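Architecture and fold: a report
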Amino acid sequence: MTALPPDATVTWTAHAFGLSPVVTGDAQADERTLLALLDDPDRFVLAHVLLTRDSGVRHETYPTYNGLAVDVRADGTVHVDPAQRAPLRRRWAAWAASDPRPDALPADPGA
């Protein structure tokens, strides 16, 4: 498994076309590592963004970024509700277990 270095981060901008994540640092890891990082409360957002990017799944950028609600406030601070981690983990697990894999992230099987 390839671990993501601590300098790999994601920042967000909100604009007329929706939410845009910007990944900084050496943010490369294999799919298995990224799926495991969805369990990490401090890294699940980055893992979700990288999985979205690397998998090529179709996704929306507004009102959520591929199912992740991101609150970019006027002062530039960003808030992501950590309660989103478990549903995203289930959705990515369902995607990874599918054969063939769907072209979009499936609905939460636990909902």
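Refer to the preceding data block for the structure.
As a starting point, this report considers the structure included with it. Positions within a chain are numbered from 1, following the residues in the order the chain's sequence is written. In keeping with the model being predicted, local features are shown solely for residues with a pLDDT of at least 70 and side-chain atom pairs are shown and tallied solely at 80 or more, while totals for entire chains, interfaces and linings include all residues. As a rule here, side-chain values come from all non-hydrogen atoms in the structure, and water together with hydrogens is ignored.

**Considerations on the packing of aromatic side chains**
Pairing of aromatic side chains here covers Phe, Tyr and the six-membered ring of Trp, requires ring centres within 6.5 Å, and sorts the geometry by plane angle: under 30 degrees stacked, over 60 edge-to-face, intermediate tilted. Tallied over the full model, the rule gives two aromatic pairs. With centroids separated by 5.4 Å and ring planes inclined at 70 degrees, the aromatic side chains of W12 and Y65 adopt a geometry described as edge-to-face. Separated by 53 residues along the polypeptide, W12 in strand β1 (residues 9–15) and Y65 in the loop between α2 (44–55) and β3 (71–72) bring together distant segments of the chain. As far as the burial class goes, W12 and Y65 line up, both buried. Note on W92 and W95: the rings are 5.3 Å apart at their centroids and 80 degrees apart in plane angle, and the pair reads as edge-to-face. Of this pair, W92 and W95 both sit in helix α3 (residues 85–97), three residues apart, which is roughly one turn of that helix. Burial classes: relative accessible area under 20% of the type maximum marks a residue as buried, over 50% as exposed, and values in between as partly exposed (1.4 Å probe, protein chains only). What makes W92 buried here is its relative accessible area of 0%. A relative accessible area of 4% places W95 in the buried class. Note that R101 overlies the ring of W95, its terminal NZ or CZ placed 4.3 Å from the centroid. Only runs of H or I of at least four residues qualify as helices and only runs of E of at least two qualify as strands under DSSP, and these elements are numbered from the N terminus. As a reminder, the over-ring test applies to NZ of lysine and CZ of arginine, requiring each to be within 6 Å of the ring centre and within 35 degrees of the ring normal.

**Some details on the nonpolar core**
Remark: nonpolar core denotes a set of buried residues (Ala, Val, Leu, Ile, Met, Phe, Trp, Tyr, Cys) joined through side-chain atoms within 4.5 Å. L4, W12, L34, V45, L68 and W92 are the most contacted members of the largest nonpolar core, which totals 26 residues. Secondary-structure elements contributing two or more residues to this core are β1, α1 (31–37), α2 and α3. Broken down by element, the residue count for this core peaks at seven residues, all from α2. If we skip the residues at most four places from it in the chain, W12 touches L19, S20, P21, V45, V49, Y65, L68, V70, V72 and V78. Residue contacts are counted whenever heavy atoms from the two residues lie within 4.5 Å of one another.

**So, the layout of surface pockets**
Any empty space left between atoms is shown by rolling a water-sized probe over those atoms. Cavities and pockets are found on a 1 Å grid laid over the protein atoms alone: a cavity is a set of points where a 1.4 Å probe fits but cannot escape, a pocket is an open set with protein on both sides within 12 Å along at least five of seven lines, and a lining residue has an atom within 4 Å of such a point. Grid points are joined across faces, edges and corners, and a volume is the space filled by probe spheres set on the points. Looking at the largest pocket, its volume works out to about 240 Å³. Around the largest pocket, the lining is made up of 13 residues, and of these V10, D42, V45, L46 and V80 lie nearest the centre. The classification used treats Ala, Val, Leu, Ile, Met, Phe, Trp, Tyr, Cys and Pro as nonpolar, Asp, Glu, Lys and Arg as charged, and all other residues, Gly among them, as polar. Its residues assigned to classes, the lining of the largest pocket shows 10 nonpolar, one polar and two charged.

**Some details on unusual backbone geometry**
With an omega of 5 degrees, the peptide bond between Y62 and P63 qualifies as cis. In this chain, D99 is followed by P100 through a cis amide linkage whose omega measures 5 degrees. With respect to the helices, strands and loops of the structure, P100 is situated in the segment after α3. Here N66, not a glycine, exhibits a phi torsion of approximately 50 degrees, which is positive. Along the chain, N66 falls in the loop between α2 and β3.

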